[in-house]
Amino acid sequence: MIKNKPVSKGENLFTAQKYISNLYLYLLMKRHLREVLNHVFGKVMLCVWFCLLQLVSLSQPVSISGIVNRYYSVKSVVKDRCDAYIELDNVVGLAIGDKVMIYQHAGARYDTTNTTEFGRIRQFYNSGNYEWASISAINGNVIKLQSFLKQYYDIASGVQLIKVATYSDARVTGTLTSQAWNGITGGVLAIEVTDTLELLADIDVSGTGYRGGIPYPNYPSCSENFFVRSNNLGIWAKGEGLMVRSSTNEHGRGAAVNGGGAGGSLNAGGGGGGNAGQGGNGGSQAESCPFFFNGGNGGWAFDYLPDHEKAFMGGGGGAGHQDESRASSGSSGGGIIVLRSRYVKANAHAIKADGANVISIAGDGIFGDGAGGGGAGGSILLECSAYLDTCVVSAVGGNGGNTFANNISICFAPGGGGGGGIVRHNGSSLPASVKISSSGGKAGLVSNALAGCDGTPKDASDGVDGYVVPAYTIPEVNHPLPQISYVSPDTFMCKDDSIMLVALFNGGPYSVTWTGNGMRQINNNRVLISPPSSGEVWIQIMDSIGCVDRDTISIRVNALPDPGIADEFIILLGDSVIVTVSTGDSIFWSPTKGVNDINALDAVFKPVVTTLYRYYITDSNRCQYRDSLLIRVKQCSNLNMPNIFTPNGDGKNDEYHIDLVYIDAFDKIEIYNRWGEKVFESTDRAFRWDGTWKGVLLPGFSMTQKTRPLIVSKLDTYMREKSPIIHSKRLLDELFVFI
């Protein structure tokens, strides 16, 4: 190594320039790098802020209040083991994927005798049946469900469909309720929250259930004791319940299943509605008649078992009897709440389905009539994982109506209290923070009467308390029907080709069946096919209970182009042949030697040696035909015509024949003797002559070729169909036999 090498002035200048240049590049790169980083950082931060905003927006609970469900009248239900179709009065507001609730509100079999047993349940049948499901298709006013239905429904008894309100997180900011029952739809609040439901106001369907009875027009009477009666006035004096209303059962003391009975005669009170608890009886008739207990019977109670997948609105209270147009109507029962939520944060707010109290007071101080019964508590059905704080759950019966006597000695009868409702929940028990009340409603009282009944219910009774049933889950079939979500589209293919078809399924596992011609390899959702002709391929999937879905794929098989070319041509060296393709849009010949145009449909071939050509023809359907053509090249040569043979039986040259290997067409051969007599004739190209004439072996002879042509055999050559032969014309010489 050389140390302390002297540096020239020029080298110093070069080094300085190089340093300055590198410094400039460094600073320039640094500036650009900073700009790039700032740009990238800005984009990243923008993306981060956008994502954060999305997360924040997604995490914000939806504020809800008022009525969040939609209600539809069901016109028909068609179901089998696998499919379920529901016809509605309209489908406004419904979409595929929506969760819905089907509910039948009436249709029980009950006692019809004109006794105190009237209206007692004998068989529920389909009344109270309900379940959740999801929509998979909508066609007109008919929806198809994603799963089969667990329950059966009787349209004649009244069935409605409720669109379930679904949220990720929801906050109740104003009273959340249901549409009031109108005789066809309503009375049900159904809500599903994936995560947290927070209450800043009550959930309250109180008084939205079965309706109270309406007092009949004035008719004074005493001690009437009928339990069912028809006045054909179209006024339903009994409280509404599971009984299907008709003109034959609209009046009387008997309960309308869980609807309270009407006051029987002179100013008797109406019975309270029933649910889990029986409704209280109405008070007895006024003192203007002899004492006789004929107040309306309280609505009957239902027995709810843990596996009892039914829900009922609270029964309406029966109307009080009137003869002075001062009676009060029965009040409506509580509705139904079906709630599914992971968490409930109630903030001490309530979830209520109470029966309504009778507010109006029967009598005005001058005239008096009977009071109506209170509505029964409704049904609260909870499927929640946890309650985060204090939550009040109430399904209390409504109070019966009061009467006002204005200091007279006649006491007009109050109404009975509504029975308590039912609370069902999914746990074995509820935490202490959940405060449940399902008590029966109080009977009404007499006020301002001079008689001893003042301040008393006058034989009217309170409603019976309801109760709580654990181990509840919302009836819902979690068995999606088999559904083919995708299949390969209809397609076309070329004959002898193969194609892979694909299908995609929702759910599973399924048993998969492919049907069609030309199946080669089947692998569950894929199949390789090579069909011989056009047709359809079917796919069917079947689940564990035998439900199926099917779809088809149409396959058009296009024929391959037929070139109309022979397998082989023979030409003489130096000659050529034109090969014309009768079909196809394009062609490719290989190899390229000996052909004038490898893409011509009428190519000229002139190989110098025998050559095997491969060709590929493609038509307008993109179908390709592949084959080969052999062109044999023959060397031109004279006929090999022997001029002597010795038919003496020594095994050598005993027969005369000509090698016709280069002659493609042969007519016949004729042999003459020197006198012009024909001694042999044959049309067989492999002829052999043994030297006999007329069966006699000719004596010794020799064979001589003459130069002058004499027609002894026609060996004119010509172009045989699809194959060239020798292009010259040649005649065999005359053969003379010397004897």
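Preceding block: the structure.
Before going into details, it helps to say that this report is about the structure given with it. In this text the structure is predicted, and so the values were computed from the model without any measurement.

Before going further, it helps to examine the overall build of the protein chain. Check the secondary structure of the protein chain and you find 1 helix and 43 strands. Counting every position in the protein chain, which comprises 739 residues, the buried fraction comes to 47%. Once local pairs closer than 6 in sequence are excluded, the contacts in the protein chain between residues at least 24 apart make up 70%. With the model as given, the accessible surface of the protein chain reaches about 35,000 Å², and the carbon-plus-sulfur share is 53%.

Here the focus is the pattern of salt bridges. Within this structure, the stated rule accounts for 24 salt bridges. Across the pair R340 and E192 runs a salt bridge, and its minimum N-O distance is 2.8 Å. Here R340 is found in strand 14 (residues 336–345), whereas its partner E192 is found in strand 12 (residues 188–199), with 148 residues between them in sequence. E192 matches R340 in its accessibility class, with the two residues each being buried. With a shortest N-O distance of 3.8 Å, D462 and K442 are connected by a salt bridge.

To continue, consider the state of the cysteines. A complete count under the given rule lists 3 disulfides for this structure. Covalent S-S linkage joins C411 and C453, the inter-sulfur distance amounting to 1.3 Å. What sets the handedness of the C411 and C453 disulfide is the S-S torsion sign, and at about 80° it is right-handed. Remark: C453 occurs in the loop between strand 21 (446–449) and strand 22 (467–469) and C411 occurs in the loop between strand 18 (403–408) and strand 19 (422–425); sequence separation between them is 42 residues. The same class applies to C411 and to C453, which are both buried. Disulfide partner of C494: C623, at an S-S distance of 2.0 Å. On the S-S bond that ties C494 to C623, the torsion sits near -95°, and the link is left-handed. Taken together, the residues C494 in strand 24 (residues 491–494) and C623 in the loop between strand 35 (611–618) and strand 36 (624–634) connect sequence positions 129 residues apart. Just so you know, C391 is unpaired, no disulfide at all, and the nearest cysteine sulfur is the one on C384, 8.2 Å from it. The exposure class of C391 is buried, given its relative accessible area of 0%.

Conventions used here
- Residues numbered from 1 in each chain as written.
- Predicted model: local features only at pLDDT ≥ 70, side-chain atom pairs only at ≥ 80, totals over all residues.
- Heavy atoms only, no water.
- Helix = DSSP H or I, 4+ residues; strand = E, 2+ residues; numbered from the N terminus.
- Buried < 20%, exposed > 50% of the residue type's maximum accessible area, 1.4 Å probe, protein only.
- Contact = heavy atoms within 4.5 Å.
- Areas by Shrake-Rupley, 256 points an atom, 1.4 Å probe, with all protein chains shown as cover.
- Salt bridge = Lys/Arg side-chain N within 4 Å of Asp/Glu carboxyl O.
- Disulfide = S-S within 2.5 Å.

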